[in-house]
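So you can see what is in the structure, the chains are spelled out below.
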Amino acid sequence: MLKRFISLLYIALFIFQLSSNYAQNKPEKEIVIAFLTDIHVQPERNAIEGFKKAINKVNELNPDYVITGGDLIFDALAVSFERADSLFNIYNELIKQIKAPVYNTIGNHEIFGWYEKSGVSRDHEFFGKKLYQSKLGKTFYSANLGGIKLFVLDSIEEVPEKGRYYGYVNEEQLNWLKDELSKTDTLTPIILTTHIPLLTTFSQIRNGSMAANERGLVVENSKDVFDLFKRHNLRLVLQGHLHMYEDINIQNKIRIITGGAVSARWWTGPNEGLEEGFVLIKIKDDKITADYIDYGWEVNK
């Protein structure tokens, strides 16, 4: 009888510890996040004024945090250093106007000189992702958003042929994720951000239910990424790249949102009927709501 009592006591203590951990890690208030992806800021196409208008709308909505989903500029892949450097400078100046803390994600268009037409030597001191790192910091990292843990991934890798990219989370990041998750309470709510999608219906919508995805559209080893989170409380995946708005609910546990595009069709108007915009996300307890916000920019005609 004593042994049974002690066993029950241990079980009760274990359950209490779990509930205590959850209470400690659970956000105390509603968390509001603005997710802005595929901004493609540039001096042309009235993009600077368009992005300013989006920023004004973000500030009006007063989120706690802003997360960007990559393709922040247009374009570092195929241009000279002077042009690429100036684009990053424009972006950095503009995001100073955002009142909330900003967490950036690298996209394929932030990578300097990968396209041969850029004429950039691979020995250039800022070649590849080095220019992004010098301007915006790490390409993958984690952060605490009021009790929610944010993981930002770099999902762009170069294929052996120069000037081509594909979606992949490399071994360095997978090892980093394992280490970070080993130090993360399994009940802590997690948001994962990637430019190239981990999961999408894009190809099936365009080409039919049996269509396969192309290398540049999705992360090839997305299952490896998802598997790392099996024992953790992954609640939300934010992704960009496709200029479409998509909201997938997996087993009523994980939401996967492809966030449209601040630039819509690269600042030339709606993209396949989707207006320029960003996603406003509200997280309270176990409830997540998401709304696509058209901030009202119009093409100059």
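Just so it is clear, the structure is predicted and the values come from calculations on it, not from any experiment. (Residues numbered from 1 in each chain as written. Predicted model: local features only at pLDDT ≥ 70, side-chain atom pairs only at ≥ 80, totals over all residues. Heavy atoms only, no water.)

A. Representation of the overall build of the protein in the model. Across its full length, the protein carries seven helices and 13 strands. Counting across all 301 residues of the protein, residues that qualify as buried make up 53%. Considering only contacts within the protein whose residues lie at least 6 apart along the sequence, 70% involve residues at least 24 apart. Summed over all atoms, the accessible surface of the protein reaches about 14600 Å², with 51% contributed by carbon and sulfur. (Helix = DSSP H or I, 4+ residues; strand = E, 2+ residues; numbered from the N terminus. Buried < 20%, exposed > 50% of the residue type's maximum accessible area, 1.4 Å probe, protein only. Contact = heavy atoms within 4.5 Å. Areas by Shrake-Rupley, 256 points an atom, 1.4 Å probe, with all protein chains shown as cover.)

B. Examining the environment of His109 more closely. As for its placement among the helices and strands, His109 is situated in the loop between strand E3 (102-103) and helix H4 (130-136). Expressed as a C-alpha distance, the spacing of His109 and Leu77, which sit 32 residues apart in the sequence, is 5.8 Å.

C. Layout of helix H3 (residues 81-95). Helix length check: H3 (15 residues) gives 21 Å between terminal C-alpha atoms against 21 Å at 1.5 Å per residue, within 8%. Those residues of H3 that fall on the buried side of the exposure criterion are Ala84, Asp85, Leu87, Phe88, Tyr91, Asn92, Leu94 and Ile95. Along its buried surface, H3 packs onto helix H2 (47-61), strand E2 (65-68) and H4. (Expected span 1.5 Å × (residues − 1).)

D. Broad picture of the nonpolar core. Counting 61 residues, the largest nonpolar core has Leu36, Phe51, Tyr91, Leu192, Phe229 and Val262 as the members making the most contacts within it. Setting aside chain neighbours within four positions, we find Leu36 in contact with Phe51, Val58, Val66, Ile67, Thr68, Gly69, Val262 and Phe278. Counting 21 residues, the second-largest nonpolar core is a separate cluster that includes Ile31, Tyr65, Ile67 and Ile257. (Core = buried A, V, L, I, M, F, W, Y, C linked by side-chain atoms within 4.5 Å.)

E. Inspection of the sheet that holds strand E9 (residues 233-239) at higher detail. Across the sheet, six strands lie side by side as E4-E5-E8-E9-E11-E10; this open sheet has mixed pairing. What marks the edges here is a single partner per strand, and that holds for strand E4 (141-145) and strand E10 (245-250). Across the sheet, the axes of successive neighbouring strands diverge by a mean angle of 20 degrees, strand direction being ignored. Its contacts with the sheet put helix H5 (residues 171-182) on E4, strand E5 (148-152) and strand E8 (189-194), and the angle it makes with E5 is roughly 170 degrees. (Pairing = 2+ DSSP bridges. Axes fitted to C-alpha atoms, helices over the stretch in contact; angles between N-to-C directions.)

F. Layout of the sheet that holds strand E12 (residues 278-284). The sheet built from five strands is open, its strands ordered E3-E2-E1-E12-E13 with mixed pairing. Where the open sheet ends on each side, the last strands, each with one partner, are E3 and strand E13 (287-293). As defined by bridge partners, strand E1 (residues 31-36) adjoins E12 across five bridges and the pair is classed as antiparallel. Along E12, the bridge assignment pairs Ile33 with Ile281. Relative to the sheet, H2 contacts E1, E2, E12 and E13, its axis offset from that of E12 by approximately 20 degrees.

G. Summary view of the layout of surface pockets. Within this model, the largest pocket holds a volume of roughly 410 Å³. At five residues, helix H6 (residues 202-207) tops the list of elements feeding residues into the lining of the largest pocket. Classifying every residue of the lining of the largest pocket gives seven nonpolar, eight polar and five charged. (1 Å grid on protein atoms, 1.4 Å probe; cavity = no way out; pocket = protein on both sides within 12 Å on 5 of 7 lines; lining within 4 Å. Points joined across faces, edges and corners; volume = space filled by probe spheres on them. Nonpolar A, V, L, I, M, F, W, Y, C, P; charged D, E, K, R; others polar.)

H. Region of interest: the packing of H2 against H3. It is the contact of H2 with H3, at a shortest axis distance of 10 Å, that shows an interaxial angle of 25 degrees. Here H3 runs roughly parallel to H2, going by the angle between their axes. Of the two possible hands of crossing, H2 and H3 adopt the one that is right-handed. For the pair H2 and H3, the contacting residues are Ile48, Phe51, Lys52 and Ile55 in the first and Ile90, Tyr91, Leu94 and Ile95 in the second. Taken together, the residues of the contact of H2 with H3 break down into seven nonpolar, no polar and one charged. (Parallel < 35°, antiparallel > 145°, perpendicular 65-115°, else oblique. Left-handed = near helix turned anticlockwise from the far one by under 90°.)

I. Main features of the pattern of salt bridges. This model, assessed by the stated rule, comprises 18 salt bridges. Salt-bridge contacts for Asp227 lead to Lys223; the nearest nitrogen and oxygen are separated by 2.9 Å. Here Asp227 and its partner Lys223 are both found in helix H7 (residues 222-228), four residues apart, which amounts to about one turn of the helix. The class for Asp227 is partly exposed, based on a relative accessible area of 30%. You can call Lys223 exposed: its relative accessible area is 55%. (Salt bridge = Lys/Arg side-chain N within 4 Å of Asp/Glu carboxyl O.)

J. Expanded view of unusual backbone geometry. Residue Phe74 is joined to Asp75 through a cis peptide bond whose omega torsion reads 20 degrees. Checked against the element boundaries, Asp75 lands in the loop between E2 and H3. The backbone phi angle of Asp71 is positive, close to 50 degrees, even though this residue is not glycine. Along the chain, Asp71 falls in the loop between E2 and H3.

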